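Take a look at the letters that make up each chain.
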Amino acid sequence: MSSARERRPTLGERARDLLNRVVPRGSRSLIVLVVATVAIGVAIWQFPVDAPLVTLLVPLVVSSLMLGPRQLPWFVVFVLLVLALVVPTQDDISIRIALTVVIIFGLGFVVLLSSFRRSRLGVAGIQGEQMFIDLRDRILRHGGIPALPDEWYVAAELRSAGGTPFAGDFIVASRVGELLEVAVVDVSGKGQGAGTRALLLSGAIGGLISALPPADFLAAANTYLLRQDWEEGFATAIHLSLDLTTGRFELRTAGHPPAALRHAGSGRWEVIETEGPILGLIEGTTYAATSGEMRSGDALLLYTDGMVETRTRDIGSGIDKMLGQAERLLRGDFEGGATRIIESIGSRNDDRALMLVHRR
């Protein structure tokens, strides 16, 4: 005889188990919406004065947010069927009622179209939006600055065209031992169109930058982009490899605006010219490095062309203007300097990214 009896499920657990058997979890929202639609239809039939036809818009709109692409089209047809059944019960088919019917049918057609487009993703509206939010947050995590020695201050800022949450510019940072590696990337296009490509590319860049030697990183990123079947399958990038002990650094660019180094001794900014072909256009390319050293008090700026180029200003004059602003905004205080610079300059109609590196 067992010394301990097996625990019996509680009444609540048995009720939940019965509910899961009778009503599958994925169908509960559909059943609730069907019951609510039937209840609204009965109310319109019995109380045509107090329950207007427009009430049927409530389950229709909620279904577009809650139901998946397989369930949504059938539910829209069901709502329109209920509407067709209750309209003849109205005492007087006025112009107002006719317009209401047209509006509900029109909205139902729009929901149907959205469900067909959503079927490519295979998830409900809110779930699909959450997926993109998670992917966007992943981009931001890739750009997170790893823990650094106290003598180093590094900050990154991103802004998208039109203020949308997705941008074609992104930053990836990684630290391996005493080597800090940073890539600032500008995907072709801007806003949401470039944002979807940036979501994919940032994952690949994040894996490559910490797995390969600095000299091989941009070449590997170029090979990856060439293998993608994108209509706008190119990007520009600048890659910084910084020794946190000695301050020695290497810069490589792929069709990207040059970095700028501020010498603390002279207080002047130096534009570090580097050359390399754009990512995703030419096979078998190599990227030469330009090396230098950051001494105490020096600062380095990495940025995308949205910071310096507009329709009325070329990159050269834009860099001069940005460095003038940087000299004014960073004087004596580098903390929060990246935010101040990106807020004060650059095209609001283009994605922008900026990284500030300062050796205290």
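All residue numbers refer to positions counted from 1 along the written sequence of the respective chain. Under the rules for a predicted model, residues below a pLDDT of 70 receive no local features and side-chain atom pairs below 80 are neither given nor counted, while totals for whole chains, interfaces and linings still include all residues. To obtain the side-chain values, all non-hydrogen atoms of the structure were used and water was disregarded.

1. A short note on the UniProt feature "transmembrane region" (unreviewed entry) in the protein chain
As recorded in UniProt, the sites labelled "transmembrane region" (unreviewed entry) are residues 26–45, 72–89 and 95–113. Secondary structure over residues 72–89 splits into 83% helix and 0% strand, and the C-alpha atoms at its two ends are 27 Å apart. In this description a helix means any DSSP run of H or I spanning at least four residues, a strand means any run of E spanning at least two, and both kinds are numbered starting from the N terminus. Across residues 95–113 one finds 100% helix and 0% strand; the C-alpha atoms that close the span lie 27 Å apart. UniProt positions are given in the numbering used here, feature names are shortened, and annotations may be inferred rather than shown by experiment.

2. Quick look at the sheet that holds strand E10 (residues 352–359)
At least two DSSP bridges between two strands are needed for those strands to be called paired. Taken together, the 5 strands give an open sheet; going across it, the order is E1-E10-E9-E6-E7, and neighbouring strands pair in antiparallel fashion. Every interior strand has two partners, whereas the edge strands, strand E1 (152–159) and strand E7 (268–272), have only one. Strand-to-strand twist across the sheet, computed as the mean angle between neighbouring axes with direction ignored, equals 15°. As paired strands, strand E6 (residues 259–263) and E7 are joined by 5 bridges and run antiparallel to one another. Bridge pairing in E7 places Arg-262 opposite Trp-269. Axis lines are fitted to C-alpha atoms, over the contacting stretch for helices. Their N-to-C directions set the angle, which ranges from 0 to 180 degrees.

3. Some details on the side chain of Thr-37
Looking at the secondary structure, you find Thr-37 in helix H2 (residues 28–46). For every residue, the accessible area (1.4 Å probe, protein chains only) is compared with the maximum for its type, and the residue is labelled buried under 20%, exposed over 50%, or partly exposed between those bounds. Residue classification places Thr-37 among the buried positions, given a relative accessible area of 0%. Polar contacts involving the side chain of Thr-37 include one to the main-chain carbonyl oxygen of Leu-33, which spans 2.7 Å. Residues count as neighbours in contact if any of their non-hydrogen atoms are within 4.5 Å of one another. Each residue touching Thr-37, except ones within four places of it in the same chain, is listed here: Leu-56, Pro-59, Phe-75, Phe-78, Val-79 and Val-82. The term polar contact refers here to a pair of N or O atoms within 3.5 Å; inside protein, the definition further demands a hydrogen-donor-capable atom paired with an acceptor-capable atom, and it admits residues adjacent in sequence only when both atoms are side-chain atoms.

4. Regarding the side chain of Ser-188
Along the polypeptide, Ser-188 turns up in the loop between strand E3 (179–187) and helix H7 (191–211). What makes Ser-188 buried here is its relative accessible area of 5%. Residues within four places of Ser-188 in sequence aside, it is in contact with Ala-194, Arg-197, Glu-232, Phe-234 and Ala-235.

5. Side note on the environment of Gly-144
Residue placement: Gly-144 occurs in the loop between helix H6 (125–142) and E1. Residue class for Gly-144 comes out partly exposed when judged on its relative accessible area of 34%. Sequence separation of Gly-144 and Val-172 is 28 residues, and the distance between their C-alpha atoms is 7.4 Å.

6. A few points about the sheet that holds strand E2 (residues 169–176)
Read across the sheet, 5 strands follow the order E2-E3-E4-E5-E8 without closing on themselves; strand pairing throughout is antiparallel. The strands lining the two open edges of the sheet, one partner per strand, are E2 and strand E8 (290–293). With strand direction ignored, the average angle separating the axes of adjacent strands in the sheet is 15°. Across 8 bridges, E2 lies against E3 in antiparallel orientation.

7. So, the pairing of strand E4 (residues 235–243)
E4 sits mainly inside the fold: 8 of its 9 residues count as buried. Relative to strand E5 (residues 248–254), E4 is paired through 6 bridges, and the arrangement is antiparallel. Its bridge partner lying in E5, Ala-237 is registered against Ala-254. Linking E4 to E5, which pair antiparallel, is a turn of 4 residues; within it Gly-247 sits at a positive phi near 85°.

8. Regarding helix H4 (residues 72–86)
An expected span of 1.5 Å times one less than the residue number is assigned to each helix. The end-to-end C-alpha separation of H4 is 21 Å, in line with the 21 Å expected for 15 residues at 1.5 Å each. What H4 keeps buried is the set Leu-72, Pro-73, Phe-75, Val-76, Val-79, Leu-80, Val-82, Leu-83 and Val-86.

9. Focus: the pattern of salt bridges
Two side chains bearing opposite charge may form a pair once their charged atoms approach each other closely. We count a salt bridge whenever a side-chain nitrogen from Lys or Arg sits within 4 Å of a carboxyl oxygen from Asp or Glu. The tally for this structure, following the rule as stated, stands at 8 salt bridges. A salt bridge links Arg-159 to Glu-157; its shortest N-O distance comes to 2.9 Å. With a relative accessible area of 19%, Glu-157 lands in the buried category. Through salt bridges that share partners, Glu-157, Arg-159 and Glu-343 make up one connected network.

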